[in-house]
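Here is what each chain is made of, one letter per residue.
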Amino acid sequence: MRPLFIIGNKRSGTSQLVRILNLHPEIFIAHESDIIWILHQFYRQEPFRAHEWDSDLGMKHTLSAAGQLLERNRPPGENFQAVLSHLMTQGTPWLPPVSKPGIRWLGDKKPFQHTDPRLVPFILEHFPDALFLHIVRHPCAVVASSDHFNAHAGDFWLGLSASEKLQRWTYHEKRVEEMKLQLPGRIHTLRYEDLCRQTELELTAVFHFLGVSPDTRALKDAARQTLPSGRTYSKIDCPVETLQLAARHGYDLEKPAGRMRTLGARWYWKLAKRFH
């Protein structure tokens, strides 16, 4: 089994990407297990604590469900496989239990942590054959999604203004760009908007990147389960650096997304997929 890590920003479609990747019989991605952060602390013999960019919810569940499997006398890769395999077969509050005898890829969704300058060297040292999936979303939509999430008992970028959230978005996307220079050919980027509108096409490209056969049933199910968000977002003043970074992914930060525009796009693609 090879390791696979999701990188980028939260509120960018990472959870949906995990759900549809897990439809493939050879792939399992955990939902924020914090396994790399756990292993980094475990081998440094540090007390377990939450990563400063995340809550400790996923870490606590992983340690409670599979912490007993960690063994200090075996390499990180073996502990990684033991813990994630256990989470796969036993299930978590976020993912149902599954059995995948032909599993080829095991991974985790922690987009911030997997680009942390402290953790990237740890990943590259102990998981030299790892690949990375980078999903990016319009930064103003990420800000709007974080506001909606926090209004329903979320814990993401709490207390930050819209401009400060854009600064955080920029920081994490810059980290991805630095990793792309360091790891040519090992990071596959997809846009959340394209994944919603052209799910089968984008997911097929991901499967090819991973060297697995595009599973017809997985592609069809993924397309049915994936639709553009109908949430609106407003224009936010931001520095030139953010504008340039967003433009490299094809985003125009000068154009807000009104309610009629977003709902219209959602219904258009819903009908288009139904009659595809």
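Conventions and cut-offs
- Residues numbered from 1 in each chain as written.
- Predicted model: local features only at pLDDT ≥ 70, side-chain atom pairs only at ≥ 80, totals over all residues.
- Heavy atoms only, no water.
- Buried < 20%, exposed > 50% of the residue type's maximum accessible area, 1.4 Å probe, protein only.
- Helix = DSSP H or I, 4+ residues; strand = E, 2+ residues; numbered from the N terminus.
- Arc of directions from axis to C-beta.
- Axes fitted to C-alpha atoms, helices over the stretch in contact; angles between N-to-C directions.
- Parallel < 35°, antiparallel > 145°, perpendicular 65-115°, else oblique.
- Left-handed = near helix turned anticlockwise from the far one by under 90°.
- Contact = heavy atoms within 4.5 Å.
- Nonpolar A, V, L, I, M, F, W, Y, C, P; charged D, E, K, R; others polar.
- Pairing = 2+ DSSP bridges.
- Lys, Arg positive; Asp, Glu negative; His and termini not counted.
- Salt bridge = Lys/Arg side-chain N within 4 Å of Asp/Glu carboxyl O.
- pLDDT = per-residue confidence, 0-100.

**Student:** Explanation requested: helix α11 (residues 240-248) in the structure shown.
**Tutor:** The periodicity of an α-helix, 3.6 residues per turn, causes residues three or four positions apart to be oriented the same way. Looking at α11, one finds that the buried residues are T242, L245 and A246. Angular distribution of buried residues about the axis of α11 spans 100°; they occupy a single face of the element. Exposed residues pointing more than 90 degrees away from the buried face of α11 are listed as V240 and R248. Positive backbone phi, at 85°, marks G250, one or two positions downstream of α11.

**Student:** Even after reading the chapter, I still don't get the packing of helix α2 (residues 35-43) against helix α3 (residues 57-66), so can you show me in this structure?
**Tutor:** When two helices pack together, their arrangement is given by the angle between the helix axes and the distance between those axes. The geometry of α2 relative to α3 is characterised by a closest axis approach of 9 Å and an angle of 65° between their N-to-C directions. With respect to their mutual orientation, α2 and α3 come out roughly perpendicular. For the pair α2 and α3, the crossing hand works out as right-handed. Across from W37, I38 and Q41 in α2, the residues of α3 making contact are M59, T62 and L63. Classifying every residue of the contact of α2 with α3 gives four nonpolar, two polar and no charged.

**Student:** Looking at this structure, how should I read the sheet that holds strand β4 (residues 131-136)?
**Tutor:** What holds strands together in a sheet is hydrogen bonding between their backbones, with the strands either parallel or antiparallel. With respect to topology, five strands assemble into an open sheet ordered β2-β3-β1-β4-β5, the strand pairing being parallel. Pairing within the sheet leaves two strands with one partner each, and these edge strands are β2 (27-30) and β5 (187-191). Looking at each pair of strands side by side, their axes are set apart by 25° on average, direction ignored. Seen against the sheet, helix α4 (residues 76-90) touches β1 (2-8), β2 and β3 (105-109) and runs at an angle of roughly 80° to β3.

**Student:** Even after reading the chapter, I still don't get unusual backbone geometry, so can you show me in this structure?
**Tutor:** Excluding glycine, a negative phi dihedral is what most residues carry, and trans is how most peptide bonds are arranged. Despite not being glycine, E32 shows a phi value in the positive range, around 55°. Within the secondary structure, E32 sits in the loop between β2 and α2. Taking relative accessible area as the criterion, E32 reaches 17% and is therefore assigned buried. Its identity as a non-glycine residue notwithstanding, Q45 has a phi of 55°, on the positive side. For Q45, the location among the structural elements is in the loop between α2 and α3.

**Student:** Sorry, what's going on with the side chain of R186 here?
**Tutor:** The topology assignment puts R186 in the loop between α7 (162-182) and β5. Lacking a salt bridge, the buried R186 has D129 as its closest oppositely charged neighbour, with an N-O distance of 6.5 Å. In this structure R186 touches L124, F127, P128, D129, A130, L131, F132 and F209, once residues within four positions along its chain are discounted.

**Student:** Could you clarify how one ought to interpret the confidence of the model for the chain in this entry?
**Tutor:** Confidence in the prediction of the chain, expressed as mean pLDDT, is 91, and 92% of residues score 70 or more. Counting contacts from residues 259-263, a segment whose pLDDT is below 50, to residues more than four positions away or on other chains yields nine contacts.

**Student:** Hey, could you run me through the side chain of H24 in this one?
**Tutor:** Following the sequence through the fold, H24 ends up in the loop between α1 (14-21) and β2. Classification of H24 by relative accessible area gives buried; the value is 2%.

**Student:** What's the story with the pattern of salt bridges in this structure? I'm lost.
**Tutor:** A pair can form between side chains of opposite charge whenever their charged atoms are brought close. For the coordinates displayed, the defined rule picks out 21 salt bridges. In this structure, E46 engages R44 in a salt bridge whose closest nitrogen and oxygen atoms are separated by 2.8 Å. For E46, a relative accessible area of 27% translates into the label partly exposed. Residue R44 is classed as exposed on the basis of its relative accessible area of 52%. For R217, the salt bridge is made with D221, and the minimal N-O distance between the two is 3.9 Å. In this pair, R217 and D221 are both assigned in helix α10 (residues 216-225), four residues apart and thus about one turn of the helix distant. You can call D221 buried: its relative accessible area is 18%.

**Student:** Can you help me understand the pairing of β3 in this one?
**Tutor:** Sheet faces and side chains relate simply in a regular strand, where the side chains alternate between the two faces. The element β3 is extensively covered by neighbouring structure, given that five of its five residues are classed as buried. Burial along β3 is two-sided: W105, G107 and K109 facing one way and L106 and D108 facing the other are all buried. Across five bridges, β1 lies against β3 in parallel orientation. Within the sheet, the bridge partner assigned to L4 lies in β3 and is G107. Where β2 lies against β3, four bridges are found, and the strand directions are parallel. Paired with F28 across the two strands is L106, which belongs to β3.

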